[in-house]
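# A closer look at the structure
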Amino acid sequence: MRITEMSAEPSPNPRVVIIGAGFGGLAAAKALGGQPVQVTVLDRENHHLFQPLLYQVATAGLSPANIAQPVRGILGRHANIEVLMADVTGFDLAKKFVIAGRHRVPFDFLIVATGARHSYFGRPEWEAFAPGLKTLEDALEIRRRLLLAFEKAEVETDPVERERLLTFVIVGGGPTGVEMAGAISEIARETMVRDFRHIDPREAQVILIDASDRLLPAFDTGLSHKAEDQLGHLKVSVKQGVRVQDVTAEGVSTPEGFIHARTVIWAAGNEASPLVKALPGSFDRSGRIHVTEMLNLPEAACIYVIGDTAFCLGKDNQPLPGVSPVAMQQGRHAAHNILALIEGRPLKKFSYSDRGSMATIGRHRAVADLHFAKFSGFPAWLTWVFVHLIFLMSFRNRVSVFLIWVWSYFTRTQGARLITGKKS
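About the cut-offs
- Residue indices begin from 1 for each chain and proceed along its sequence in written order.
- Since the coordinates come from a predicted model, pLDDT governs what is reported: local features require at least 70, and pairs of side-chain atoms require 80 or more to be given and counted, while whole-chain, interface and lining totals use all residues.
- Side-chain calculation: all heavy atoms of the structure are included, whereas hydrogens and water are not.
- Strands are runs of DSSP state E lasting at least 2 residues, helices are runs of H or I lasting at least 4, and numbering of each runs from the N terminus.
- Only C-alpha atoms enter the radius of gyration, while the globule expectation follows 2.2 Å times N to the 0.38, with N the number of residues.
- With a 1.4 Å probe rolled over the protein chains alone, any residue whose accessible area is under 20% of its type maximum counts as buried; one over 50% counts as exposed, and the rest are partly exposed.
- In what follows, residue pairs with any heavy atoms lying within 4.5 Å of each other are defined as contacts.
- Methods summary: accessible areas were calculated by the Shrake-Rupley approach with a probe of 1.4 Å, and residue burial reflects only the protein chains presented.
- In this tally, Asp and Glu contribute negative charge and Lys and Arg positive charge; neither His nor the terminal groups of the chain are included.
- Throughout, a charge is located at the NZ atom of Lys, the CZ atom of Arg, the CG atom of Asp or the CD atom of Glu.
- For every element, the axis is a line fit to its C-alpha atoms; helices are fit only across the contacting stretch, and the angle between N-to-C directions ranges from 0 to 180 degrees.
- Angle categories are assigned with fixed cut-offs, so that under 35 degrees is roughly parallel, over 145 is roughly antiparallel, 65 to 115 is roughly perpendicular, and the rest are oblique.
- Here a crossing is taken to be left-handed if its near helix is turned anticlockwise relative to the far helix by less than a right angle, and right-handed if that turn runs clockwise.
- Should DSSP find at least two bridges between two strands, the strands are regarded as paired.
- To count toward a patch, a residue needs a relative accessible area above 30% and no salt bridge. Like charges then connect within 9 Å, nonpolar side chains (Val, Leu, Ile, Met, Phe, Trp, Tyr) within 5 Å.
- The rule for a salt bridge is simple: a side-chain nitrogen of Lys or Arg has to be within 4 Å of a carboxyl oxygen of Asp or Glu.
- For this analysis, a nonpolar core means a set of buried residues of the types Ala, Val, Leu, Ile, Met, Phe, Trp, Tyr and Cys, connected via side-chain atoms within 4.5 Å.
- Buriedness for pockets is judged along seven lines, at least five of which must meet protein on both sides within 12 Å for an open set on the 1 Å grid over protein atoms alone, while cavities are sets there where a 1.4 Å probe fits but cannot get out, and lining residues have an atom within 4 Å of a point.
- Grid points are joined across faces, edges and corners, and a volume is the space filled by probe spheres set on the points.
- By the convention adopted, Pro, Cys, Tyr, Trp, Phe, Met, Ile, Leu, Val and Ala count as nonpolar, Lys, Arg, Asp and Glu as charged, and the other residues, Gly among them, as polar.

### Side note on the overall build of the protein
Scanning the protein from N- to C-terminus turns up 11 helices and 26 strands. Relative to the 2.2 N^0.38 estimate, which gives 22 Å for 424 residues, the radius of gyration of the protein is 22 Å and therefore close to what a compact globule would have. Here the C-alpha coordinates of the protein stretch approximately 70 × 55 × 45 Å along the principal axes. A burial count over the protein gives 52% of its 424 residues as buried. Taking all contacts inside the protein whose residues are at least 6 apart in sequence as the whole, residues at least 24 apart take part in 63%. Accessible surface, the protein as shown: approximately 19400 Å² in total, 54% of it carbon and sulfur. Taking the average place of the 47 positive charges on the side chains of the protein and the average place of its 42 negative ones, the gap between the two points comes to 4 Å.

Printed below as a string of structure tokens:
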């Protein structure tokens, strides 16, 4: 096999390689744009994905193009940044190369921002029956299963099988699980109610299972209870303190009994990208590597790890959550520390500025904890809408998503109800 060196032309400036074009990787790249460094961004995809709205693609509210944008389009104005579509498979740390198949990418400084995948807690075989939600492919697969369940129920004559087709189980009571449960229930009870002749979509059962004793454990206890109440208004059955014992094509096994369901969605846990295991250091149970207060590795100061792949303590001495604001702030901080190293300035410790948390629970329902204020219902939903529109990468996406949301709000329709891929 012939080995080729990508970005092989000598550079008068230090070479910074960023692996991953998610929130953290892009924030780092933008902070290094126009600076005296040569930046290479590597990602297996050609697009940046706005993950907080991924569940809306999975539930047919938005199309993939509404929440994704080509990485080259985002970074193209920076002459010192190149973007390479490549699947990174490892590192040669002694020679300072990133390995991407048969290619080698040299670096002086490395930022690893490869994100996380859903964790099945040692039961990877469950993924075939309960897909998680991290990529566009995941979202489109969930959308296919969700919509196909209603189509199959329409032609099913056996009432027992029809009931199983119209039962949807979401495992995990964090923001993704809560948002998915609310959105599926709204689709069944509002969007599809006039679309079928042999079934009543309002008979669909949406069941949310969580092993903890309350939903949204990262939120204030009062907001957790309000989220549960709002899900109750949407006829979502919430089962708390219930652990999943097994997942099959027939449904979910729990200590309380077996739940027959043809559609199961996994939102119960995350684990760091396995690529980070190729780096030197210690790891937590989720596979995140321990970093210093400057965000670099104790055993390799030129390597920075940020976002979902980094184990980093916050001001309360607790691990920082795997959310986009953490990744973006860490990306900018890693970039500034690299520039400080190049210029001979002292490094700064990372300190996360937490501006709060939000989760939407369907149309005009949400909870928001902004620290200075905690509220729910319609005001929280409006706040959620405003914040998510602001953080979308492009003006075009902001306008298109806003118009889609306005149309859906008043017409109670979902415009992306397309079944693609295999129909079985």
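After that view of the structure, there is still more to cover.
### With respect to the packing of helix α10 (residues 378-391) against helix α11 (residues 395-411)
A pair of packed helices is characterised by two quantities: the angle between their axes and the separation of those axes. Relative orientation of the contacting elements α10 and α11 amounts to 155 degrees, with a least axis distance of 9 Å. Classified by the angle between their axes, α10 and α11 sit roughly antiparallel to one another. Considering only the axes of α10 and α11, their crossing is right-handed. Here α10 contributes F378, W381, W384, V385, H388, L389 and I390 to the contact with α11, which in turn contributes R398, V401, F402, W405 and Y409.

### Some remarks on the pairing of strand β9 (residues 103-106)
Relative to β9, strand β8 (residues 97-100) runs antiparallel, the two being bridged by 4 bridges. In the strand pairing of β9, F97 is matched with P106. In this antiparallel pair of consecutive strands, β8 and β9, the connection spans 2 residues, and G101 shows a positive phi of 65 degrees.

### As for unusual backbone geometry
The backbone phi angle of F121 is positive, close to 55 degrees, even though this residue is not glycine. For F121, the location among the structural elements is in the loop between β11 (116-118) and α5 (136-155). On the basis of relative accessible area, F121 is assigned to the exposed category, the value being 55%.

### Observations regarding a nonpolar patch on the surface
A contiguous nonpolar surface patch, about 630 Å² in accessible area, is contributed by F395, V399, F402, L403, V406 and F410. Relative to the assigned elements, F395 resides in helix α11.

### Concerning the sheet that holds strand β18 (residues 263-266)
Strand pairing within a sheet occurs via backbone hydrogen bonds; the two strands may be parallel or antiparallel. Spatial strand order, β14-β13-β12-β18: 4 strands in an open sheet with parallel pairing. Two strands bound the open sheet, and with one partner strand each, they are β14 (236-240) and β18. The sheet shows a mean angle of 20 degrees between the axes of neighbouring strands, taken without regard to direction. In this sheet, β18 lies alongside strand β12 (residues 167-171) in parallel orientation, the contact comprising 4 bridges. Residue F168 lies in a different strand from β18, and its bridge partner there is T263. Contacts from helix α8 (residues 221-233) reach β13 (205-210) and β14, with the element oriented near 145 degrees to β14.

### Quick word on the nonpolar core
Grouped together as the largest cluster of nonpolar side chains are 64 residues, with contacts concentrated most on L53, I67, F150 and M180. The element contributing the most residues to this core is α5, with 8 residues. In this view, L53 contacts L62, I67, W384, H388, L392, V401 and W405; residues no more than four positions away in its chain are not counted. Core analysis: the second largest hydrophobic core is formed by 56 residues, A31, V71, L75 and I338 among them.

### Considering empty space enclosed by the protein
Counting across every chain of the model gives 2 cavities of 30 Å³ or more. Within this model, the largest cavity holds a volume of roughly 380 Å³. Considering the residues around the largest cavity, the lining is formed by 24 residues, among which Q56, E186, R363, S408 and Q414 are closest to the centre. A total of 7 residues in the lining of the largest cavity trace back to one element, the largest contributor, which is helix α7 (residues 175-191). Residues that form the lining of the largest cavity fall into these classes: 9 nonpolar, 10 polar and 5 charged. Surrounding the second largest cavity, R288, G307, A310, C312, L320, P321, G322, V326 and Q330 form its lining.

### What to know about the packing of helix α1 (residues 23-32) against helix α9 (residues 324-343)
For the pair α1 and α9, the least separation of the axes is 7 Å and the interaxial angle reads 35 degrees. Relative to α9, the crossing made by α1 is right-handed. Contact residues: α1 offers F23, G24, A27, A28, A31 and L32, while α9 offers S324, A327, M328, G331, R332, A335, H336 and L339. Residue classes in the contact of α1 with α9 are distributed as 9 nonpolar, 4 polar and 1 charged.

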